[in-house]
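Spelled out, the chains give:
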Amino acid sequence: MTSALADPPVPDPAPTPVLPALRLGRVVVPTPVILAPMAGITNRAFRRLCRESVAEHAAHTGIDGSGCLYVSEMITTRALVERTPTSMRLITHDPQESPRSVQLYGVDPATVRAAVRMIVEDDLADHIDLNFGCPVPKVTRKGGGAALPWKSTLFGQIVSAAVGAAQAADIPVTVKMRKGIDEDHLTYLEAARIAEDEGVAAIALHGRTASQHYSGQADWTAIARLKDAVTGTPVLGNGDIWSAEDALRMVQQTGCDGVVVGRGCLGRPWLFADLAAAFQGYDVRVRPNLGDVGRTLGRHARYLVDFHEGNEFKACRDIRKHIAWYLKGFPAGHDVRHRLALVESLTDLDALIDDLDPDQPWPGADAEGQRGRAGSAKAVSLPEGWLDGRELSPAHEAALAQAELSVSGG
């Protein structure tokens, strides 16, 4: 993105960093910024694009952009233990990825323990995150994701199983969660205390309940309350970080030790370059023109071909969902947008990218703000009787035994 980086090299002396490095056990994250796991998004193709965008910015400006942490898509523990082709592809990292970070989903402590042992024995990752925040109905209706911390004993057993199994290789385990199921069933403060007692390396909080999905505004005051309540473990804030400035405001308002960025980077892998600069105290930002964006889009598609093991058609189908995010705010034209959303080959994609006006400047405010679907608040899909008590009933134990099979997609 050469023309995107029109700012001059950063002068010396360097400013004071906003936050110190984030320490997750033996893993040190120099820039306390983490890519949130997103299904169908944060595969190794997208993670590579994020890392390269940061490196390109560093090469141009002189700002050391190394050190963000890029987490994989959520991987189901049952599928991983069974070594399904999908799970093995999801857990694969580029040779240049370090540290290698994966997120696991599980509802059974024994299966979670087995999955972490497998990661340890096969040397598959350097950091493990546990998903307790997913609000998707197919997950919560089985008692998983954001629904699981309501069952506090089970939550503690799963965290304990993962931390215990990871100790053999000194792999840090973190947890990511939401405020709770809804405003009447908040779980985050209790769950955080349990997670801290079990020895997690950090706790990340998305400032929404599961019932909010991605609607409304993230409650940053909850992140601040969590930071006050948990004093011995780093607290990471998540929710409504659309720009580097948003991340800085979150840190200022909540006192969190780092940020987790999700939808804000959709179609903007270079956001991590902005974040790296901002957390080091610089105001240099990436502002790509349409030519830069088109080239990034094309590179993303090619990385997806590699991720999909050479299947160009599948990669092009995959890139389609990214088109609107990349072109947000640009006057690209309805016809071009429509044709881009139907591409079936790299040749077609390249031809359509060539039709874009490469000199169109970054559109500013029109390209900023929310990305991805917010949806609307709704009742959370839960197992029958889930809210009747904090402990598992025999019926729920039986249901959870089968839950991962229906979520994994094997």
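See above for the structure.
Residues numbered from 1 in each chain as written. Predicted model: local features only at pLDDT ≥ 70, side-chain atom pairs only at ≥ 80, totals over all residues. Heavy atoms only, no water.

Colleague: Hey, could you go over the packing of helix 1 (residues 44-61) against helix 10 (residues 271-279) for me, with residue numbers and the actual values?
Modeller: Closest axis-to-axis distance for the helix 1/helix 10 pair is 7 Å, and the angle between their directions is 50°. Between helix 1 and helix 10, the angle falls in the class oblique. For helix 1 against helix 10, the interelement crossing comes out right-handed. Within the contact between the two elements, helix 1 uses C50, S53, V54 and H57 and helix 10 uses F272, A273 and A277. A breakdown of the residues in the contact of helix 1 with helix 10 according to their chemical character gives five nonpolar, two polar and no charged. (Axes fitted to C-alpha atoms, helices over the stretch in contact; angles between N-to-C directions. Helix = DSSP H or I, 4+ residues; strand = E, 2+ residues; numbered from the N terminus. Parallel < 35°, antiparallel > 145°, perpendicular 65-115°, else oblique. Left-handed = near helix turned anticlockwise from the far one by under 90°. Contact = heavy atoms within 4.5 Å. Nonpolar A, V, L, I, M, F, W, Y, C, P; charged D, E, K, R; others polar.)

Colleague: Which residues make up empty space enclosed by the protein, and what values do they have?
Modeller: Counted under the stated rule, the structure contains two cavities of 30 Å³ or more. Looking at the largest cavity, its volume works out to about 80 Å³. Lining the largest cavity we find 13 residues, and of these I34, D129, T174, A204 and L236 sit closest to its centre. Listing elements by their share of the lining of the largest cavity, those giving two or more residues are strand 4 (69-76), strand 6 (127-132) and strand 7 (173-178). Here the lining of the largest cavity takes three residues from strand 7, the largest share from any one element. Its residues placed into classes, the lining of the largest cavity shows nine nonpolar, two polar and two charged. Empty space within the second largest cavity amounts to approximately 30 Å³. Around the second largest cavity, the lining residues are S243, A244, E245, R268, L271, D274, R287 and E368. The set of elements that each furnish at least two residues to the lining of the second largest cavity consists of helix 9 (244-254) and helix 10. Class assignment of the residues belonging to the lining of the second largest cavity gives a composition of two nonpolar, one polar and five charged. (1 Å grid on protein atoms, 1.4 Å probe; cavity = no way out; pocket = protein on both sides within 12 Å on 5 of 7 lines; lining within 4 Å. Points joined across faces, edges and corners; volume = space filled by probe spheres on them.)

Colleague: Go over the pairing of strand 6 with me, naming the residues and quoting the values.
Modeller: Counted residue by residue, strand 6 has six buried out of six residues, so it is predominantly covered. Burial of strand 6 is two-sided: the residues H127, D129 and N131 facing one way and the residues I128, L130 and F132 facing the other way are all buried. Sheet topology note: the strand 5 (residues 101-105)/strand 6 ladder contains four bridges and is parallel. Each bridged residue has a counterpart across the sheet, and for Q103 the counterpart in strand 6 is D129. In the sheet, strand 6 pairs with strand 7 via five bridges, with the strands oriented parallel. (Buried < 20%, exposed > 50% of the residue type's maximum accessible area, 1.4 Å probe, protein only. Pairing = 2+ DSSP bridges.)

Colleague: Quick rundown of the packing of aromatic side chains? Include the residues and the values.
Modeller: Taken as a whole and assessed by the stated rule, the structure comprises four aromatic pairs. Ring geometry for Y70 and F272: centres 5.3 Å apart, planes at 70°, overall edge-to-face. Note that Y70 is positioned in strand 4 and F272 in helix 10, a separation of 202 residues in sequence. Residue classification places Y70 among the buried residues on the basis of a relative accessible area of 8%. (Phe/Tyr/Trp six-rings, centres within 6.5 Å; stacked < 30°, edge-to-face > 60°.)

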